[in-house]
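Chain and residue survey
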Amino acid sequence: MPQSLTPLDEADRSRFRAWVVLASLRLPLRTSSSEYVQSIWLNGASLNAIDDLSAVTIRRAGDALNVAGLLKSRRCLLVIDDARASLDPVELPKLCGQGSHVILTRRVAHGGYTLPLLTEDEALSLLGAGNVDPCPRPVFEKIWATTGGHPLSLALTNAAAANSASWDDVALDCEEIGSLPDGDTRLYERILGRLRSNLERELSVFAWGDQPVCDAEFLRYAIKPGGIRNLQSNALTAIDRASVVRLHDIVFAAMRGGDWCNERRAAELADTLELYITSLTRGDTHNLQTVAATHRRTIEARIAAGDRRTAYLYALIFAWDAAEADVSSLPDPIGLARGVRDAAGPTKDMQIMLVIETVEALFRYEREIEGSTEAKRKYRERLSIFDILESTPDLRPRQRAEITHHRGKLHRAIDEGSEAAILFERVLESEVPLSEAKLQLVRLYSKEPNRNVERAKELADELVASIVAGGEGLSSSVTLGLVEALHWAGEDWANNIFEANYNLFMAHVSRGLLAGIPQAFETLASIVRNWWWTSPERIKDISDLLNTASAYDIHEDRGRGAYAEIQQNLAKARFGEEADKHQKLALEGFESLRRLARISAEITRRLSSRSSDSEKPIVFCAVSLIRKANHLLLFRDQRQMLAWVIWTMPLHLPAQLWRLLKEGTLGSNQASWSSDLK
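Quick caveat: nothing in here was measured; it's all calculated off a predicted structure.

Next up on the list: the overall build of the chain. Each helix and strand counted, the chain has 32 helices and eight strands in total. Of all 678 residues assigned to the chain, the portion counted as buried reaches 52%. Here the analysis covers contacts within the chain between residues at least 6 apart in sequence; of these, 69% occur between residues at least 24 apart. In the structure as shown, the chain presents an accessible area of about 31,200 Å², 51% of it carried by carbon and sulfur atoms.

Moving on, we come to the environment of Leu 428. Within the secondary structure layout, Leu 428 lies in helix α19 (residues 417–428). The class for Leu 428 is buried, based on a relative accessible area of 16%. Not counting chain neighbours up to four residues away, the residues in contact with Leu 428 comprise Pro 433, Leu 434, Ala 437, Lys 438, Leu 441, Arg 455 and Leu 459.

Our next topic: the pattern of salt bridges. Summed over all chains, the structure comprises 32 salt bridges. Notably, a salt bridge pairs Arg 380 with Glu 416, separated by 2.5 Å at the nearest N-O pair. Here the residue Arg 380 occupies a position in helix α16 (residues 372–381), and Glu 416 occupies one in the loop between α18 (397–413) and α19, the gap between them amounting to 36 residues. Note on Arg 380: relative accessible area 41%, which makes it partly exposed. Its relative accessible area of 23% is what places Glu 416 among the partly exposed residues. Within this structure, Asp 271, Glu 274, Arg 302, Asp 307 and Arg 309 form a network of salt bridges that share partners.

Put simply, helix α24 (residues 502–514) and helix α25 (residues 518–534) touch, their axes get as near as 8 Å, and they point 135 degrees apart. In this view, α24 runs oblique relative to α25, as classed from their interaxial angle. Judged by the twist between their axes, the crossing of α24 over α25 is left-handed. Along its contact with α24, which presents Tyr 502, Met 506, Val 509, Gly 512 and Leu 513, the element α25 presents Ala 520, Phe 521, Thr 523, Leu 524, Ile 527 and Trp 531. When its residues are assigned to classes, the contact of α24 with α25 shows nine nonpolar, two polar and no charged.

Regarding helix α3 (residues 120–127), the residues found buried are Ala 123, Leu 126 and Leu 127. The buried residues of α3 occupy one face: seen down the axis, they fall within an arc of 100 degrees. Exposed side of α3, more than 90 degrees from the buried face: Asp 121 and Ser 125 are the residues found there.

Spacing of three or four residues puts side chains on the same side of an α-helix, whose turn is 3.6 residues. Compared with an ideal rise of 1.5 Å per residue, which puts 18 residues at 26 Å, helix α10 (residues 263–280) spans 26 Å between its outermost C-alpha atoms and is within 8% of the ideal. Those residues of α10 that fall on the buried side of the exposure criterion are Arg 265, Ala 266, Leu 269, Ala 270, Thr 272, Leu 273, Tyr 276, Ile 277 and Leu 280. Down the axis of α10, the sector holding all buried residues measures 160 degrees, keeping them to one side. Residues of α10 that are exposed and angled more than 90 degrees away from the buried face: Glu 263, Arg 264 and Leu 275.

Right, let's talk about the packing of aromatic side chains for a bit. What the rule picks out here adds up to nine aromatic pairs. Geometrically, the ring pair formed by Phe 498 and Phe 505 is stacked, given 5.9 Å between the ring centres and 10 degrees between the ring planes. For the pair formed by Phe 498 and Phe 505, the shared burial category is buried. Of the aromatic side chains, those joined through ring pairs into one cluster are Phe 498, Tyr 502, Phe 505 and Trp 531. One cation-aromatic arrangement involves Arg 196 over Trp 260; the distance from NZ or CZ to the ring centre is 4.2 Å. Its guanidinium or amino end placed over the ring of Trp 488, Lys 447 lies 5.5 Å from that ring's centre, counting from NZ or CZ.

With an omega dihedral of 5 degrees, the bond running from Glu 448 to Pro 449 counts as a cis peptide bond. With respect to the secondary-structure elements, Pro 449 resides in the loop between α20 (435–445) and α21 (453–468). Here the phi dihedral of Lys 224 falls at roughly 70 degrees; this positive angle occurs in a residue that is not glycine. Despite not being glycine, Asp 394 has its phi angle at roughly 60 degrees, a positive value.

Now for the side chain of Asn 530. Of note, Asn 530 is situated in helix α25. Once you skip the residues sitting within four places of it in the chain, Asn 530 turns out to touch His 487, Gly 490 and Asn 495.

Its place among the elements puts Arg 382 in the loop between α16 and α17 (383–390). We classify Arg 382 as buried; its relative accessible area is 14%. What Arg 382 contacts, discounting residues up to four positions off in sequence, is Val 359, Leu 362, Phe 363 and Glu 366.

Spatially, β6-β8-β7 is the arrangement adopted by the three strands of the open sheet, whose pairing is antiparallel. Each having just a single partner strand, β6 (213–215) and β7 (237–238) make up the two edges of the open sheet. Two strands pair when backbone bridges link them, and β7 and strand β8 (residues 244–247) are joined in this way by two bridges, in the antiparallel orientation. Counterpart to Thr 237 in the pairing with β8 is Leu 247.

Here we come to the sheet that holds strand β1 (residues 38–43). As summarised here, the arrangement of the three strands in space is β1-β4-β5, forming an open sheet in which the pairing is parallel. Because the sheet does not close on itself, it has two edges, and the strands there are β1 and β5 (101–104). Neighbour to neighbour, the strand axes of the sheet diverge by 15 degrees on average, direction disregarded. Strand direction decides the pairing type here: β1 and strand β4 (residues 76–81), joined by six bridges, are parallel. In the strand pairing of β4, Leu 42 is matched with Ile 80.

Looking now at the environment of Ser 550. One can find Ser 550 in the loop between α25 and α26 (557–573). It is 8.3 Å that separates the C-alpha atoms of Ser 550 and Leu 585, two residues lying 35 residues apart in sequence. Setting aside residues no more than four positions away along its own chain, Ser 550 makes contact with Leu 70, Ser 73, Arg 74 and Tyr 563.

Locating Asp 51 in the fold gives a position in the loop between β1 and β2 (57–60). Overall, Asp 51 belongs to the exposed group, its relative accessible area being 65%. C-alpha of Asp 51 to C-alpha of Ala 68: the two residues are 17 residues apart in sequence and 9.4 Å apart in space.

Calculation notes
Residues numbered from 1 in each chain as written. Predicted model: local features only at pLDDT ≥ 70, side-chain atom pairs only at ≥ 80, totals over all residues. Heavy atoms only, no water. Helix = DSSP H or I, 4+ residues; strand = E, 2+ residues; numbered from the N terminus. Buried < 20%, exposed > 50% of the residue type's maximum accessible area, 1.4 Å probe, protein only. Contact = heavy atoms within 4.5 Å. Areas by Shrake-Rupley, 256 points an atom, 1.4 Å probe, with all protein chains shown as cover. Salt bridge = Lys/Arg side-chain N within 4 Å of Asp/Glu carboxyl O. Axes fitted to C-alpha atoms, helices over the stretch in contact; angles between N-to-C directions. Parallel < 35°, antiparallel > 145°, perpendicular 65-115°, else oblique. Left-handed = near helix turned anticlockwise from the far one by under 90°. Nonpolar A, V, L, I, M, F, W, Y, C, P; charged D, E, K, R; others polar. Arc of directions from axis to C-beta. Expected span 1.5 Å × (residues − 1). Phe/Tyr/Trp six-rings, centres within 6.5 Å; stacked < 30°, edge-to-face > 60°. Lys NZ or Arg CZ within 6 Å of the ring centre and 35° of its normal. Pairing = 2+ DSSP bridges.

Listed below in structure tokens is the structure:
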């Protein structure tokens, strides 16, 4: 029998029983790290059939991940809670990869295993836990008749009693709602009502965001650590990843029945989020990416409603992949740059940063959608924006340095390395010598036509000294960027710096991998790529760093592609089953690329425009080429990838089908695509 439908043995039953007790005591539910890499909870009401799981996504680090893909690619425990009767579990094993399991729960049993709830003695002990007067027996009987041995219901009832609700009030709640068909939700609404005076401020954050999860650092900023402890001590939070705080879904559902966030509190939280985002603009961009991705839906909704705060727009840029950016919602960078002249204080600072990030977001979007040549042309036209910013009166030294630095990045992107180097050096001569400018110069000076090895080595040594000293003012993105730049240089001086600081660098890479930071995977890929040519025997030593990683957990295509490349190189360095395992993970990594998905859809649309069955092999071949050709990652935009497929297909198609493809489908577009490829 497939593992996901294996009947529960005594050990399984004991473990489930332990989970129930842990939940009732408000202790964290943990599974062994060797069992599951990811735990997923889904509301069964959202699924009509097992096939629906292929279209279900969850949010992890703010990123949308496919549930079916996670089950296949890594060891997952999926819990489908309160499943519909129409959901047939027989099909579930087909979705599970090695080590994945699915638990399906229903209020009304249809075979399977009935999960034991708390006994009356256990329930009575739980109701009286903490500094709470013992629950009178007549009241307990009413509570028991309403809740049975449901641990969360009992824990919340205990929390209400601990917050001054009398046992008589609790008994009255149970009498009034016990016979209603939606009694479970009504009970939670009543209990939360009893807790309102103690928890309204904390729960209002979730009501305002209209989602059961909140970025952990933002929540700490909004309600302070004591507020988070208050949520946890009242049994309202569920297990999730460390970067977020999650409410139990039934608690969040019960909250929607009441007004937990009035207009005054909503305005206060809107201001708090703005202040929190602003506080991150000078810090590590990875923290900004996390909060922006977690609260992306909230921010987008506020902007759509007309609340176009500079901080909100700025954060969204960090939440978007290049091709999915809603550029229509971004401000006109020229108009915004002119408006900076009239701004002051933090507002002025935030507007300058938004102008700069808008210019760069537009370039990334246009490069992906319109091609590198057109994107560079438009990028060059926006140089005047930096003239406007530089002419702004009363700029602080740091603001002036950042404007010059980003102007240099623009010149580097449009292949004007000499001008870029002059600008970066100017930043280093300023009152605020940005570490980011040092990194850009290491990259420029490591290669022709701007090669200057001595200067590159000098700047790299300065950056290493800053990292060793604790990295004050040095973001993790600069540290990871330096490691990548050293391997990209591929010369003895760069390798010597890396080897001399190997443990320091790999500690930063490891932390980035654990956090799912795309740049960390890119950095490790550059290390592995260099080792493949210089020390291939070392490649197998890094496989342990990826044991808990999955392409589906990584935000952005660039990180997913790097993960796939690493796994492919690991497959080349291994033999037998180990090689097969890494090859499979590499293919799954390439499959996870959103860019490839978009290109596959576009190729399919273009090549399916004629319905002849004889031409269907063309579609399948094109899509297969896209999904199997890992060097498509070398292309900077999707038009180049499309062009590559068009020019490569003659090698894989019969001549008559290729003729049909050219004459019947491609038309005059081939010239445009081939030009882009060149």
